[in-house]
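Analysis of the macromolecular model
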Amino acid sequence: MCPLNAFLKKISLLLLILAIAAGAVGLIPRFKEEMAKKDVALLVEYSDIDVMARQAGLSFDEMLKRLLKDGITAVSFKDLTGTDLRDGDTPLLWGTLRDLLPEGDFDGLSGNAALLVPKEYDDWFFKKYLEARFPGCVTRAVPEGSIYVLPREPKELLEVGIIPDPMAFKHLARLNVPLVYRPSPTFGLSSDDVAKSLDLLFASLWRLRGVLPQGAVMFGYPDMAPLIDVMHKYGALMLQPEFVRFIGGNEAYRASFPDVLSLHSVTTPEIISRNLSRSSLVERFARAARERSVRVLLLRPYDISSGPWIDAFEQDLASLKALLQRDGFAFRFGDPYPNFGHTPWAFLSFLAAGLCVITFLLSMGEREIFRSRNFVLLCVVAVVILVLGANRIALFAKLAGALLAAFGASAAALAALEAKKPLSGLCVAFGMVIAVGFALSSFFGTPLYMLRLATFSGVKATLLLPPLFVLLHDASKRRYPEGVCDVLKRPPLWGELFALFVILLAAAILLVRSDNVSLVPRWEVAMRDMFERYLVARPRNKEIFVGYPALWLAFVMGAMKSKVNFTRLGSQLHLLLRMASSLAFASAVNSFCHFHTRIYFICWRVFNGLWVGSLFGLLLVLVFILALKFKVIRRLLFVGEEV
């Protein structure tokens, strides 16, 4: 090794220690907030409580009292749309004025949408609410109550939120329970008018804490500013459902920030399509709170089963509470994260990690250009400029984060694969993962990223670049029987085509499955549940079944290579194993890029990935050694029969 390369390697180790230490200090604000906000609200919809009460022969108040005793912490209620009112699921009557008042004087309003509110619900609130939301609303008194004639036709209001559920309002207004309002879209209505009606709702329900949008379009879209102003006025929280996209959702959540809480729910069509069992649902809700820091869980009875639902619902609720209590969660409707940024220590860690990665990669280069002081200086200056820009410019931050994650994982892979002593190389590689992970987590671990209102851009690049980096590194060192140019000049061999097919297939699977939970098969879900049950922080499959086992087998084959010669197939297998081993470090770095997950849980998960993956790797090595007892295996992999 030339003096410059040796110097760069020593500098990279010092920078690695600095990145870990500064990153740990920079993570303190995030860690404190995550531990202070280790709470989860168990939310139930009013209509589900009402159904369970009727099935069990209880009053609504009796059922609610029972559920609150079981651990429910909040109740939601929804807007009634024209479709809801038409279907007759309320004590209100809906139709045209001609339908509701056949003998009356219509004054040209016969075809207008009309709502008959019975006397027991016809109080000042609904009158003021409808007049605020629908200016020009006309009231007609009838013996049964009041008819409110709206300045729209019924067909215009099928998917539009018209009025909060009056039965829910009547039952919930007097209770000391945190409430969540579920507004429907407001197509064709003025945002100012909708904001006035929302203001009346908050003024009337003093326990109203949050708003959970429903429908495909955010209520108030596109001018949501008046509604967000009302929510800020009352300190209300916007609940952000996971894996659900609303038109106008991103704008609404950003405008509501930092008063945003994440929410998880499971719909009946999803239960049916994925054939989810009750135990799977419980595990899924626990995973949402534990792994993704979801603060609100919207629970529903298992409504595809026969009734009464309450017994099964209480059993699942008890199981869920037990899982979350084991992990130290409190059950309450919590406060949002405050709006804090990264500290100077986080910036220092980000800079040190970037310099650590670039100096280490340069120390691995054997070409003359990598030994040039000017080239090294140019790379260092480029990293410093990029990190300094990341502190001020969002585009620079995205680019710097993606590059650090991808090249950091590549550097960790080479640190393990190129070490003379495998165990010490693995320790350095794991330290590189921690340094890069701490730098990214402290720099980007702010509420905007923790709530996924800002996205990190380097996840897929971190999975793809390390295997390619290992391939190029091995090609530059001529570890394959031929150089890259020689391979490209001649016709490809079947073994090479097969290896290329395996690489492309693996890359496609990684890209498609990344952050796409719908493509995970049921057997894998069951295996994940088992790991979570016994290890709590489930290691990622790419680490324990691919990355670390491939790394240990690559170590063994690398040691054999100094004593025997590989056949072309043996060289191809060794190269594929080295490429696959890089996924262990890519996956570990990606875990730190999940900024919505609590940092202690990420560290726990990455450590579990290391030891469980190494255990599987040693078992794979044992199987490989036993397989070498067969002469046919030795002839396939090695020139000659002696190993």
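Residues numbered from 1 in each chain as written. Predicted model: local features only at pLDDT ≥ 70, side-chain atom pairs only at ≥ 80, totals over all residues. Heavy atoms only, no water.

Turning to its location among the elements, Asn-112 is positioned in the loop between helix H6 (97-100) and strand S4 (113-118). A distance of 3.0 Å separates a polar atom in the side chain of Asn-112 from the backbone oxygen of Leu-150. Asn-112 has contacts with Gly-95, Thr-96, Leu-97, Val-149, Leu-150, Pro-151, Arg-152 and Pro-154, leaving out every residue within four places of it along the chain. (Helix = DSSP H or I, 4+ residues; strand = E, 2+ residues; numbered from the N terminus. Polar contact = N/O pair within 3.5 Å; in protein donor to acceptor, adjacent residues only side chain to side chain. Contact = heavy atoms within 4.5 Å.)

By the definition in use, this model includes 26 salt bridges. Close ionic contact of Glu-33 with Lys-37 constitutes a salt bridge, the shortest N to O distance being 2.8 Å. Across this residue pair, the class does not change: Glu-33 and Lys-37 are buried. Where Arg-290 meets Asp-327, a salt bridge forms, and the shortest distance between an N and an O atom there is 2.8 Å. Within this pair, whereas Arg-290 is found in helix H13 (residues 278-292), its partner Asp-327 is found in the loop between helix H14 (310-326) and strand S13 (330-331), the two being separated by 37 residues in sequence. Considered together, Arg-290 and Asp-327 belong to a single accessibility category, that of buried residues. Through salt bridges with shared partners, one network takes in Asp-39, Arg-295 and Arg-332. (Salt bridge = Lys/Arg side-chain N within 4 Å of Asp/Glu carboxyl O. Buried < 20%, exposed > 50% of the residue type's maximum accessible area, 1.4 Å probe, protein only.)

Moving on, we get to the nonpolar core. Grouped together as the largest cluster of nonpolar side chains are 88 residues, with contacts concentrated most on Phe-350, Leu-440, Phe-444 and Phe-585. Sequence-distant contacts of Phe-350, that is, excluding residues within four places in its chain, are made with Val-387, Ala-390, Ala-400, Gly-401, Leu-404, Ala-439, Leu-440, Phe-443 and Phe-444. (Core = buried A, V, L, I, M, F, W, Y, C linked by side-chain atoms within 4.5 Å.)

Following both chains from N to C, one finds helix H18 (residues 422-444) and helix H25 (residues 568-592) inclined at 25 degrees, their axes separated by 8 Å at the closest point. Overall, the two elements H18 and H25 adopt an arrangement that is roughly parallel. The crossing of H18 and H25 is right-handed. Facing Leu-426, Ala-429, Val-433, Ile-434, Val-436, Gly-437, Phe-438, Leu-440 and Ser-441 of H18, the residues of H25 in contact are Phe-585, Ala-588, Val-589 and Phe-592. (Axes fitted to C-alpha atoms, helices over the stretch in contact; angles between N-to-C directions. Parallel < 35°, antiparallel > 145°, perpendicular 65-115°, else oblique. Left-handed = near helix turned anticlockwise from the far one by under 90°.)

Before going further, it helps to examine helix H11 (residues 249-256). Turning to H11, its buried residues are Gly-249, Ala-252, Tyr-253 and Ser-256. Projection of H11 onto a plane perpendicular to its axis shows the buried side chains occupying an angular sector of 95 degrees, all on one side. Packing partners of the buried residues in H11 comprise helix H10 (225-233), strand S10 (237-241) and strand S11 (260-265). (Arc of directions from axis to C-beta.)

Counted according to the given criterion, the structure contains 22 aromatic pairs. Summarising the aromatic geometry, the rings of Phe-545 and Phe-616 are spaced 5.3 Å apart at their centres and angled 10 degrees between planes, so their arrangement reads as stacked. Within this pair, whereas Phe-545 is found in helix H24 (residues 541-561), its partner Phe-616 is found in helix H26 (residues 599-627), the two being separated by 71 residues in sequence. For Phe-616, a relative accessible area of 26% translates into the label partly exposed. Among the aromatic residues, those joined into a cluster by ring pairs are Phe-350, Phe-443, Phe-444, Tyr-449, Phe-456 and Phe-595. Above the plane of the ring of Phe-329 lies Lys-38, whose end atom (NZ or CZ) is 5.3 Å from the centre. (Phe/Tyr/Trp six-rings, centres within 6.5 Å; stacked < 30°, edge-to-face > 60°. Lys NZ or Arg CZ within 6 Å of the ring centre and 35° of its normal.)

Looking at the element boundaries, Thr-96 is found in strand S3 (residues 93-96). Taking the relative accessible area as the measure of exposure, Thr-96 reaches 11% and is therefore buried. Polar side-chain contacts of Thr-96 include one of 2.9 Å to the side chain of Asp-99. Look past the residues within four positions of Thr-96 in its chain and what remains in contact with it is Ser-110, Gly-111, Asn-112, Ala-114 and Pro-154.

Purely spatial values, then, with no claim about function.
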